[in-house]
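Descriptive structure summary
For reference, the chains in residue letters:
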Amino acid sequence: MIAVFRADASATLGGGHVMRCLTLADTLAGAGWRCGFACNEEASDVVPGISRHDLLPLPPNADSVGLMRERWGDTWDLAVIDHYGLDAAFERALRPIASRILVIDDLHDRKHDCDFLLDQTLGRGETDYRGLIPPGCRMMMGTEYALLREQFPLRRDAALESRRSRSGRIDRVLVFFGATDPFNITSSALDALAFSGWKGGMDVVLGKGAPYLDAIGLKITNKINGAVFHRGSDDMARLIENADLALGSPGTTSWERCCLGLPTVLITFAENQREIAAGLGRAGAAVDLGWYEDVTVVDLAKSICDLAMSPDKVKKISDASAFLCDGMGSARVKEALGT
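Note on numbering: residues in each chain are counted from 1, in written sequence order. The predicted origin of the model limits local features to residues at a pLDDT of at least 70 and limits the giving and counting of side-chain atom pairs to 80 or more, whereas totals for whole chains, interfaces and linings rest on all residues. Hydrogens and waters are ignored; side-chain quantities use all the structure's heavy atoms.

1. Observations concerning the overall build of the chain
A run of H or I in DSSP becomes a helix once it reaches four residues, and a run of E becomes a strand once it reaches two; helices and strands are each numbered from the N terminus. Across its full length, the chain carries 13 helices and 13 strands. The principal-axis extents of the C-alpha atoms in the chain amount to approximately 60 × 35 × 35 Å. Split into buried and exposed, the 339 residues of the chain put 57% on the buried side. Any two residues having at least one pair of non-hydrogen atoms within 4.5 Å are treated as being in contact. Partitioning the intrachain contacts of the chain with sequence separation of at least 6 by distance along the chain shows that 60% fall at a separation of at least 24. Surface accessibility in these figures is a Shrake-Rupley result with a 1.4 Å probe; residues are shielded only by whichever protein chains are displayed. As displayed, the chain has an accessible area near 14,100 Å², and 49% of this comes from carbon and sulfur atoms. Summary of the burial criterion: residues with accessible area below 20% of their type's maximum are buried, those above 50% are exposed, and those between are partly exposed, where the area comes from a 1.4 Å probe applied to protein chains only.

2. Observations concerning the environment of proline 250
Topologically, proline 250 is positioned in the loop between β11 (245-248) and α9 (253-259). Here proline 250 falls in the buried class, since its relative accessible area comes to 0%. Distance in space between the C-alpha atoms of proline 250 and arginine 274 is 7.7 Å, their sequence separation being 24 residues.

3. Focus on the packing of helix α6 (residues 185-196) against helix α11 (residues 297-308)
Two numbers describe a pair of packed helices, the interaxial angle and the distance between the axes. Structural elements are reduced to axes, namely lines fitted to C-alpha atoms, with helices fitted over the stretch in contact, and the angle between N-to-C directions of any two is expressed from 0 to 180 degrees. Orientation of α6 relative to α11, taken along the N-to-C sense of each, is 55°, at an axis distance of 8 Å. By the criterion of interaxial angle, the relationship of α6 to α11 is oblique. Considering the relative orientation of α6 and α11, their crossing is right-handed. Counting all contacts with α6, which are made through Ser188, Ala189, Asp191, Ala192, Leu193, Phe195 and Ser196, the residues of α11 involved are Val297, Val298, Leu300, Ala301, Ile304 and Cys305. Throughout this entry, Asp, Glu, Lys and Arg are counted as charged residues, while Ala, Val, Leu, Ile, Met, Phe, Trp, Tyr, Cys and Pro are counted as nonpolar. The remaining residues, Gly among them, count as polar. Here the contact of α6 with α11 is built from residues that sort into 10 nonpolar, two polar and one charged. Note on angle classes: values under 35 degrees are labelled roughly parallel, values over 145 roughly antiparallel, values of 65 to 115 roughly perpendicular, and the remainder oblique. By definition, any crossing whose near helix is turned counterclockwise from its far helix by less than a right angle is left-handed, and any crossing with a clockwise turn is right-handed.

4. As for the packing of aromatic side chains
Pairing of aromatic rings covers Phe, Tyr and Trp, the last through its six-membered ring, and needs centres within 6.5 Å; plane angles under 30 degrees mean stacked, over 60 mean edge-to-face, and all others mean tilted. With the rule as written, the count across this model stands at four aromatic pairs. Pairing tryptophan 291 with tyrosine 292 gives two aromatic rings, centres 5.4 Å apart and planes at 50°, and the pair type is tilted. Ring-pair connections join several aromatic residues into one group, and the members of that group are Phe183, Phe269, Trp291 and Tyr292. Placement of a positive charge over a ring is assigned whenever Lys NZ or Arg CZ falls within 6 Å of the ring centre and within 35 degrees of the normal to the ring plane. Positioned above the aromatic ring of tryptophan 72 is the side chain of arginine 71, whose terminal nitrogen or guanidinium carbon lies 5.7 Å from the ring centre. The lysine or arginine in question, arginine 274, covers the ring of tryptophan 291, its NZ or CZ lying 4.2 Å from the ring centre.

5. Observations concerning the nonpolar core
Counting residues in hydrophobic clusters, the biggest one holds 36 residues, and the most contacted among them are Val175, Met202 and Leu247. Ranked by residues supplied to this core, first place goes to α6 with five residues. Each residue touching methionine 202, except ones within four places of it in the same chain, is listed here: Arg172, Val173, Val175, Leu190, Leu193, Ile224, Gly226, Ala227 and Val228. Listed in part, the 30 residues of the second largest apolar core include Leu22, Phe37, Ile50 and Tyr145. Joining through side-chain atoms within 4.5 Å is the link that ties buried Ala, Val, Leu, Ile, Met, Phe, Trp, Tyr and Cys residues into a set, and such a set is a nonpolar core.

6. Considering helix α3 (residues 64-72)
Owing to its 3.6 residues per turn, the α-helix brings residues three or four apart onto one side. Residues Ser64, Val65, Met68 and Trp72 constitute the buried set of α3. One side of α3 carries all its buried residues, which in axial view fall inside an arc of 95°. In the core, the buried residues of α3 are packed alongside β1 (2-7), β2 (34-40), β3 (54-58) and α4 (88-94). One or two positions beyond α3, positive phi appears at glycine 73, with a value near 85°. Comment: arc refers to directions from the helix axis out to C-beta atoms.

7. Description of the pattern of salt bridges
Pairs may arise between side chains of opposite charge once their charged atoms sit close together. We define a salt bridge as a side-chain nitrogen of Lys or Arg found within 4 Å of a carboxyl oxygen belonging to Asp or Glu. Counted under the stated rule, the structure contains 27 salt bridges. Salt-bridge contacts for arginine 110 lead to aspartate 109; the nearest nitrogen and oxygen are separated by 2.8 Å. When the shortest N-O distance is used, the salt bridge between aspartate 171 and arginine 169 registers 2.7 Å. Classification of aspartate 171 by relative accessible area gives partly exposed; the value is 38%. Residues joined by salt bridges that share partners form a network here, namely Asp119, Arg124, Asp128 and Glu275.

Here it is as structure tokens:
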């Protein structure tokens, strides 16, 4: 069985599209599938894990369909597309090659020609894609289909039990604004923690392809005592489990934090994150501070202090977030695909 994935990652795009595809690819590979990735040349720097599978780097403006056929032949069992710049026209070009097509989307802003459509956005419904997909397309909507790596559901019970025993106390903070953090919100978060008088533990994570990686490393070395800087991490589940509060963005990592019940103060920096942030805020599953340009260091420091002094509030946010996602989405998608 062959599955071919089409997704990109970069310092500007971040790694979310490739990361959720990689999660599904690992799940399929565990069932004996052969998986290939057609990605832009920068993707492997942002998400090194794709090298576990057959990787085809695509030069700019390349005939991607032609190159993909050269690499994986004329008969695939599944094509998976997770790309805001591709639509029904690209998917139709794959019809003679792929027996089935799965589209992963969260914008519902263009037409698709697919057999399966996955949108893991909180509150997403089938009516959001009315007129955008063909009749008979199977839809997988909402956070129950969120694609999380196996490490998250495996640690869920232990993480939630640990949170109950801590009773809303905040001793350790996780700072993670995506693999690339293109607007350097991490720096502002570190300033806010310092301004708040934070004296507890701290984990700071940036992917190895992040543009401000060295600057953040230098800042931590010179100014932030007690912070542990992770230049990429293969064990985000452990960092999330050990933290009592996260400062982060409402990207795909939102569902990882929810799975392990980690309360989060959210700052949004991409248009496709706005709906996720609003949904988490309405559900009481995070504190939504809004758009990054409108959030000051003082605003963020006040939120940190408010939560540090409100253990009952922290517990409520933790419970609400854990209710939203159990981490079994990848298994559900695999089942839906009939594998």
